[in-house]
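# A look at the structure
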Amino acid sequence: MQGKLLRRMLTRYDLYLLLLVPMVWYIVFKYYPMYGLQIAFKDFSPSQGIWDSSWVGLKHFDRFFSSYYFWQLLWNTVSLSLYSLIVGFPIPILLALLIHETPSRKFKKWLQNATYMPHFLSLIVIIGMLNIFLDPITGMVNRVLAVFGMDPVDFMRKAEWFQTIFVGSGVWQNMGWGSIIYLAALSSIDPTLYEAAKMDGASRMRRIWHVSLPGILPTIIILFILQIGSWMDVGFEKALLMQNPINAERSDIIATFVYKTGIQEGQYSYTAAAGLFNSVVDFILLLLVNGYARRKTESSLW
Amino acid sequence: MPSRAADEKWFNFLIYGIATITLVIVLYPLVFVLSASFSNPEKVADGSIWLLPQGLTLEPYRKVFENESIWTGYANTLFYAGAGTLVNIALTVMAAYPLSRKDLPGRQIFMFLITFTMFFSGGLIPTFLLVKSLGMINTAWAMIVPGAIATYNLIVMRTFFQTSIPVELQESAWLDGCSNIRLLIRIVLPLSKPILAVMVLFYGVGHWNAWFNALIYLKDEHLYPLQLVLREILILNQSDDIGAGMSERVLMSESIKYSVIIVSSVPVLLIYPFIQKYFVQGVMIGSIKG
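Here the structure is a predicted model, which is why all the values come from computation and not from measurement.

Attention now moves to the domain arrangement of chain B. All names here are of chain B. Looking at chain B, the domain boundaries give domain 1 (4-65 + 239-287) and domain 2 (68-223). Its C-alpha centre places domain 1 at a distance of 31 Å from the equivalent point of domain 2. Across the contact, 16 residues belong to domain 1 and 15 residues belong to domain 2. Overall, the association of domain 1 and domain 2 removes approximately 1400 Å² of surface from exposure, summing both partners, and the carbon and sulfur fraction of that is 79%.

Below, the discussion takes up the interface of chain B and chain A. Contacts between chain B and chain A engage 95 residues on the former and 91 residues on the latter. Where chain B packs against chain A, one counts three salt bridges. Measuring nitrogen to oxygen at the nearest pair gives 3.6 Å for the salt bridge that ties Glu8(B) to Arg207(A). Sort the elements by how many residues they give to the side of chain B that touches chain A and helix α1 (residues 4-37) of chain B lands first, with 20 residues. Considering only residue class, the side of chain B that touches chain A consists of 67 nonpolar, 19 polar and nine charged.

Here the focus is the packing of aromatic side chains. Here the structure, examined in full by the defined rule, presents 43 aromatic pairs over all chains. On the basis of an interplanar angle of 85 degrees and a centroid distance of 6.0 Å, the ring pair of Phe257(A) and Tyr270(A) is categorised as edge-to-face. Taken as a pair, Phe257(A) in helix α15 (residues 254-264) and Tyr270(A) in helix α16 (residues 268-296) lie far apart in primary sequence, 13 residues in all. The class for Tyr270(A) is buried, based on a relative accessible area of 2%. Taking the centre distance of 5.6 Å and the plane angle of 80 degrees together, the rings of Tyr74(B) and Trp208(B) count as edge-to-face. Here the residue Tyr74(B) occupies a position in helix α4 (residues 68-100), and Trp208(B) occupies one in helix α11 (residues 193-209), the gap between them amounting to 134 residues. A single burial state applies to Tyr74(B) and to Trp208(B), both of which are buried.

Rules used throughout
- Residues numbered from 1 in each chain as written.
- Chains lettered and ligands numbered in written order.
- Predicted model: local features only at pLDDT ≥ 70, side-chain atom pairs only at ≥ 80, totals over all residues.
- Heavy atoms only, no water.
- Domains from an automatic or database assignment.
- Contact = heavy atoms within 4.5 Å.
- Buried area = accessible area lost by both parts, 1.4 Å probe.
- Salt bridge = Lys/Arg side-chain N within 4 Å of Asp/Glu carboxyl O.
- Helix = DSSP H or I, 4+ residues; strand = E, 2+ residues; numbered from the N terminus.
- Nonpolar A, V, L, I, M, F, W, Y, C, P; charged D, E, K, R; others polar.
- Phe/Tyr/Trp six-rings, centres within 6.5 Å; stacked < 30°, edge-to-face > 60°.
- Buried < 20%, exposed > 50% of the residue type's maximum accessible area, 1.4 Å probe, protein only.

Laid out in structure tokens, this is it:
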């Protein structure tokens, strides 16, 4: 039996050879950083290296959790994610239903191609466009406000506008792309189900509700789990690009704090602790939601 | 109760209405930027542009192309995207093909090790320290190696190999004495052109739009990719060296923002229609639980 397994492996030695380089890459660039996370419990000094730096227990976590900015960072992170989820999650589903229901094939294609396009623009371009359109003097939005006799608003420098602009532009950029996966699920629904519903006299609205939505529910659940699993990780690069000293009270999330205090100021151990807190919260959320979905529904990641 | 036909008509009216509004919301900002980029800077500044270009001119584009850092940025990005995508595709295929073979002992273990990294990671600081200790800071390597594989893409590719390449074909080739590597190159890859196109698009656009790794790993401005140059012009407002006179300079530095957006986005938007028919397929494959 064992000899047989060994022979099976040996005759496929070239497949292992192919795997070798990618696996080495995974070990170095994905698993070694996990090993490096121990600096969160140490006082890392570059001259001593990761292993030889001295252990300090939970010192960095204590400092982070008791710092005066911790609760604000946490609230900024959690609320931004919640806002993104509530607005950003349903819209691609609605868009997919809209595209699916559009009778004209040509119009359908237009709608698809146009809404996919912004996904390919870079974040820098998106923030650049926000700066252009929301400019307090020359920006289109303020020009329209002026037509209605309203005072101009410096949107990009107002803390209270940060989350709305963040989420709104995210929807504009990604709703089309996000809808593809639902459209795929919609097109794999058995057409006879629609026919049967039609025979029973169900209106278009009722067919969406009773045939389309249940048909794509498994996809919705999987994507929902994935999104919950990156709760603390929401749009870090975008928040960083949109950040300025004036809106920082809302735009500073844990990830941008890690970048500024860690990479820019060199407090590696301290921010590794903050980063680990982020990763662990995400991982636990993923386990919880997936476990719940597995018990209550038939769809789960594993 | 309204009749069936009336219900249909009303519903279609609603659908077309919402769809048209969506289309306008998505397209208007793009059309506006395009129009403004071809407009007289004064017309841009005084807000007389609503949809179509005013005072047609190519001056903003001329200014963009006179800017040396945009040229170096463009060249650097072309190199990072080209070399980077090549490495991405090679490594992704090298991992995805063996893992797609159900007859490979131990594939579940490898698959678990790979998938796990999607849900837990060392995070920014340990990765930064690693890249630093590998001596990649301020080198082109930092733009290519740390992101050499995207796990999601790997899984999509593996699923494609598993579901779209007939196993019988591979088995009979194997029985004929064809080695696995020959099998991959001669039979599997030629049948995988759609997914390879999707991967080139995903990875290529990723490289084209990447900026954060460059921000933390590159110090030398001559190595900066296009996106970091863009960031200086669009977000940090540092395009002062572009115009000539004082007031003209202010006007032009505003106007150039539009043309620089177009210049930097055009390559991606140009290849997009060609690959577009493939990527829907790519995303669909990704949605199949593998």
